[in-house]
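The lines below spell out each chain.
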Amino acid sequence: DLKFFGTPGPTTLDKGSLTLGRSLDVPRISRYDVDTETPRPEKLVVDFDTTVNSSPTDISGQGNHGTLVGATYSAADKAFSFTGTNGSNIRLSSTTPFPLNTDTDLSFSVWVKADVATSSAWRGVFDFGNRGTSEHLGVYIAGSTSAASNGPNQFNFTLWGNDLITGEAVEANRWYHLAGAYTAATKTRQFYVDGILKGTVTTTTGMFSSLDPANPPLTLGTNSTTGYSEGLAGDISNFKLYKAALEASEVQKLYRLGRTGR
């Protein structure tokens, strides 16, 4: 049997009127709800989506693809795995990956898991610029013998040696979502772990002076200086770099989206 249910009788429709005083701009159309979309995709300059790509292919549209060097892709974890040795990393293939200067807002988002909690050496999550001349930006796990200001065995968002730490020790074999934002107008950096703000710092010099992001280029899994030391033994997934300062709500949204996607 096939039965239909509804309201019998005619329906009156009031046509009404609509006046548009401006054009409608629809920059992005998706079958997904807005809460499942990556915040501000138009501001991405690097986006390594490890949920769908087994290589460091940049899906931001900027063409900033990376090269796996002594690192592998784990299909089970949907992540890049690094051995902790100097030769295990991901480096951008481009020699001029993206323009940055003293007026550039910047943010990053990345998931990371360390194989061990304690190490005497610093372990690089990502880095770019020249550490030799103290003109670099990156995120590390500080070494266990480091000064208290460096945050021994803590995540450290460092800029020219100006450190912003989380205040809590890193646990082994646990996934963390790390995010940071820099606002050029106020010279302010913020550091988030699992969507929670862990620290804020304002510097007088700003973020960049003569920093060249292509020399050395963006590197994941070690530092970016020639030799690529301070390797991370662990996994990294879904690295994103923005040319914009993300708001706290956008960082929390990235965390809620999860490591393995929708």
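Residues numbered from 1 in each chain as written. Predicted model: local features only at pLDDT ≥ 70, side-chain atom pairs only at ≥ 80, totals over all residues. Heavy atoms only, no water.

## Some details on unusual backbone geometry
The phi torsion at arginine 40 lies on the positive side, around 45°, for a residue other than glycine. Take arginine 40: it is sitting in the segment before strand 1 (44-48). Given a relative accessible area of 25%, arginine 40 falls into the partly exposed group. (Helix = DSSP H or I, 4+ residues; strand = E, 2+ residues; numbered from the N terminus. Buried < 20%, exposed > 50% of the residue type's maximum accessible area, 1.4 Å probe, protein only.)

## A few points about the nonpolar core
Within the largest apolar cluster, 34 residues are counted, with the highest numbers of intra-cluster contacts made by Phe108, Phe126, Phe155, Leu178, Leu220 and Phe239. Once you skip the residues sitting within four places of it in the chain, leucine 178 turns out to touch Phe108, Ser109, Val110, Val112, Val139, Phe155, Phe191, Tyr192 and Val193. One finds Tyr192, Tyr242, Leu246 and Val251 within the second-largest nonpolar core, a separate group that totals 8 residues. (Core = buried A, V, L, I, M, F, W, Y, C linked by side-chain atoms within 4.5 Å. Contact = heavy atoms within 4.5 Å.)

## A closer look at the packing of aromatic side chains
As enumerated under the stated definition, the model contains 10 aromatic pairs in all. With 6.3 Å between their ring centres and 40° between their planes, phenylalanine 48 and phenylalanine 239 make a pair best called tilted. Pair noted here: phenylalanine 48 is in strand 1 and phenylalanine 239 is in strand 15 (residues 233-242), with a separation of 191 residues, a long-range link. Summarising the burial analysis for this pair, phenylalanine 48 and phenylalanine 239 share the class buried. Its guanidinium or amino end placed over the ring of phenylalanine 157, arginine 189 lies 5.1 Å from that ring's centre, counting from NZ or CZ. The ring of tryptophan 175 is capped by arginine 259, whose NZ or CZ atom sits 4.0 Å from the centre of that ring. (Phe/Tyr/Trp six-rings, centres within 6.5 Å; stacked < 30°, edge-to-face > 60°. Lys NZ or Arg CZ within 6 Å of the ring centre and 35° of its normal.)

## With respect to empty space enclosed by the protein
With the rule as written, the count across this model stands at 1 cavity of 30 Å³ or more. The volume enclosed by the largest cavity comes to roughly 30 Å³. Together, Phe155, Thr166, Glu168, Ala169, Val170, Tyr176 and Val193 line the largest cavity. (1 Å grid on protein atoms, 1.4 Å probe; cavity = no way out; pocket = protein on both sides within 12 Å on 5 of 7 lines; lining within 4 Å. Points joined across faces, edges and corners; volume = space filled by probe spheres on them.)

## Points about the confidence of the model for the protein chain
For the protein chain, mean pLDDT is 85; residues scoring 70 or higher make up 78% of the total. Strand 4 (residues 79-83) holds the highest mean pLDDT among the elements of the protein chain, 97, whereas strand 8 (residues 135-141) holds the lowest, 87. (pLDDT = per-residue confidence, 0-100.)

## Description of the pairing of strand 5 (residues 89-92)
As paired strands, strand 2 (residues 66-69) and strand 5 are joined by 4 bridges and run antiparallel to one another. Among the inter-strand pairings, leucine 68 is bridged to a residue of strand 5, identified as isoleucine 90. One ladder, built from 2 bridges, connects strand 5 with strand 14 (residues 219-220); its direction is antiparallel. Residue pairing in the sheet places isoleucine 90 in a bridge with leucine 220 of strand 14. (Pairing = 2+ DSSP bridges.)

## Observations concerning the side chain of arginine 123
Looking at the secondary structure, you find arginine 123 in strand 7 (residues 123-130). Among buried Asp, Glu, Lys and Arg side chains, arginine 123 stands out as unpaired, with aspartate 115 the closest opposite charge at 8.3 Å. Among the polar contacts listed, one links the side chain of arginine 123 to the backbone oxygen of valine 116, at a separation of 2.7 Å. For arginine 123, the side chain forms a polar contact with the main-chain oxygen of alanine 117, separated by 3.2 Å. With near-sequence residues (within four places) excluded, arginine 123 lies in contact with Ala114, Val116, Ala117, Thr118, Val139, Tyr140, Ile141, Asn153, Glu230, Gly231 and Leu232. (Lys, Arg positive; Asp, Glu negative; His and termini not counted. Salt bridge = Lys/Arg side-chain N within 4 Å of Asp/Glu carboxyl O. Polar contact = N/O pair within 3.5 Å; in protein donor to acceptor, adjacent residues only side chain to side chain.)

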